[in-house]
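Chain by chain, the residues run as shown.
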Amino acid sequence: MRRLLADRPGEPADVLRLADGPGEPAPGPGEVSVAVETVGLNFLDVMLCRGTYPLQPPFPVTPGVELAGRVVGTGPGTEALAGVDVIACPTLPRGALGETVTLAAALVTPRPSTIDPIDAAALPVTYQTAWFALERAGLAAGQTVLVHAGAGGVGIAATQLARAAGAEVICTAGGPEKTARCRANGAGLAIDYRADDFVTAVREATGGAGVDIVIDPVGGQVFTRSLDCLAFEGRLVAVGAADGNPPPVDPLRLIANNATVVGLSWGSAYPWARPEAVREAYDRLFALHAAGAVRPPVSQVVSLAETPTAMADLAARRTTGKLVVRVADGAERS
Ligand SMILES: NC(=O)c1ccc[n+]([C@@H]2O[C@H](COP(=O)([O-])OP(=O)(O)OC[C@H]3O[C@@H](n4cnc5c(N)ncnc54)[C@H](OP(=O)(O)O)[C@@H]3O)[C@@H](O)[C@H]2O)c1
C-alpha cells in the first residue's frame, strides 16, 4: 500500500517520501477501513512535517487529517457502514495521505451523494473549525466579524458561514490577489495588511466601534493587535498560529476592553467531546452546501506524488483556498 511518510522533522518537500509498504491493520471493534479517494490539505500538515504541531505525534508520520473515500472493511459493531461513501478525519500519526486508512467509526460521516469527493475532502476540518469558532463566539445576525488570513482555508470557511448567518465580514490578507479572493467570497471589506495598518482600517470601517468577533488563524502579533479591534464585549477566537505563538496576554487588558479570548481546537477534541454537535454541524454544512452558501474553495487538485511540492507552496503562503490530493484514479467531480 502506498502512503506518504515523514520519518523526521523538516520542510515537507525535504522529508515526505512516497513509501510502498504493508497495508493498514484490519479494523477492530468499532473501527472501519476506508479506501481513500481524496484528501484535503491543511496548514497543520505542514506543521506536522516540521514537528511544530502543538499535539505533535511521534515520527514517522503520515499527514492528512481529512478525506473522502469508501468503507472497504468493517470491525465488530460497524457492519452497517460496509460500502458506504464517507467523509473522515483519521487519527495521527496514521493520517489520510495513503491508499487506505483504518480508523474509529466515530470519526466517519456518510457523504451525501450531492457532494463530490473533491468538495467533500475540502469540507471537514476548515468548516467544522469555523462553525464551532463562530458558535463559541456567540455569532448573531447583524454582528461584524473580522477574519484574518481571509483567503486561507479556515478564513474562507469562516467568511462563508458568517455571511450565511447574516453577519458582516471584514477580512485581512496579504496582497491584492488575496484581498480580491476575500471580496469574491463575501467580505464587505478586505484589508491588504501589507499596504494598510489593519487596526486603523478596522476602526475606520466600523466608525470607531470595533468588531464583535475576531477569528484568528494567524497568532503572533496579529492576535495581540486584534485586541485593539474589538468592540464592547467583543470576542476573539484563537484557532491557529500560522505566524507563531502570540505573546502572553495581560488580563488587565481584557478587563479594560471587556473582552473575551476563546481558544478552539476542533479535531483533537470536538469529535470526541461533542459528537452529537459535530454530527449536527455536518448536517447544517451539507444543507448550506446544497443551498450554495458553503462553497469549498478548491484551488488545485494534485496527485499523491505531487503532494510534497504542493505542501511547499502551502508553507510558503503561495496558495489560496484549499489544495486537494486525488489518491484514487476514479475520484472525479460528479
Ligand atoms: N483550531 C483548529 O481546530 C484548527 C483547524 C484547522 C486549522 N487550524 C489552524 O489555522 C491556521 C490556518 O490554517 P489553514 O488551513 O486555513 O491555512 P492556510 O489555508 O494555509 O492559510 C494560512 C494563511 O495564514 C497566513 N499567514 C500569516 N502568517 C503566516 C506564516 N508565517 N506562514 C504561513 N502562513 C501565514 C497566510 O495568509 P496571508 O498571506 O493572507 O497572510 C496563509 O495563506 C493554521 O495555524 C492551522 O494550524 C486550526
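Attention in this report is confined to the structure presented alongside it. Since we're looking at a predicted model, the values are computed, not measured.

## A word on the sheet that holds strand β13 (residues 260-263)
Piece 1. What the six strands build is an open sheet, ordered β10-β9-β8-β11-β12-β13; its pairing is parallel. The open sheet has two edge strands with one neighbour each: β10 (189-192) and β13. Looking at each pair of strands side by side, their axes are set apart by 15 degrees on average, direction ignored.
Piece 2. Examined bridge by bridge, strand β9 (residues 168-173) and β10 share four bridges and lie parallel to one another. Paired with Thr172 across the strands is Ile191, a residue of β10.
Piece 3. Running at roughly 165 degrees to β10, helix α6 (residues 176-184) makes contact with β9 and β10 of the sheet.

## Observations regarding the site of the ligand
Piece 1. Around the ligand, a shell composed of 26 residues is seen, among which Lys178, Tyr193, Val239, Leu264 and Trp266 lie nearest.
Piece 2. Within the side chain of Lys178, an N or O atom sits 2.7 Å from an oxygen atom of the ligand.
Piece 3. Between the ligand and Arg317, the relevant distance is 3.0 Å, taken from an oxygen atom to a side-chain nitrogen or oxygen of the residue.
Piece 4. Protein chains bury 92% of the 920 Å² of accessible surface belonging to the ligand in isolation.
Piece 5. Breaking the shell around the ligand down by element, the ones donating at least two residues are α2 (43-50), α4 (124-136) and α5 (153-164).
Piece 6. Looking at the shell around the ligand, the element that brings in the most residues is α2, giving three residues.
Piece 7. Here the shell around the ligand is built from residues that sort into 16 nonpolar, seven polar and three charged.
Piece 8. Two domains each donate at least three residues to the shell around the ligand, and these are domain 1 (2-123 + 296-326) and domain 2 (127-263).

What counts, and at which threshold
Here the residue index of a chain counts from 1 through its sequence in written order. With pLDDT at 70 or above as the cut-off, local features in this predicted model cover only qualifying residues; side-chain atom pairs require 80 or more to be listed or tallied, and sums for whole chains, interfaces and linings still use all residues. Derived side-chain values reflect all non-hydrogen atoms in the structure, with water molecules and hydrogen atoms excluded from consideration. DSSP-based pairing: two strands are paired if at least 2 bridges between them are found. Numbered from the N terminus, helices here are DSSP runs of H or I no shorter than four residues, and strands are runs of E no shorter than two. Every axis in this analysis is a line fitted to C-alpha atoms, fitted for helices over the stretch in contact. Angles between the N-to-C directions lie between 0 and 180 degrees. The contact criterion used throughout is that any non-hydrogen atoms of two residues lie within 4.5 Å. Throughout, near means a residue has at least one heavy atom within 4 Å of the molecule or strand. Here a polar contact is taken to be a pair of N or O atoms separated by no more than 3.5 Å, where protein atoms must pair a possible hydrogen donor with a possible acceptor and residues adjacent in sequence count only if both atoms sit in side chains. Here the Shrake-Rupley method, with its probe set to 1.4 Å, supplies the accessible areas, and only the displayed protein chains count as covering residues. Polar here means any residue outside two lists: the nonpolar Ala, Val, Leu, Ile, Met, Phe, Trp, Tyr, Cys and Pro, and the charged Asp, Glu, Lys and Arg; Gly therefore counts as polar. Domain delimitation in this document rests on an assignment produced automatically or drawn from a domain database.

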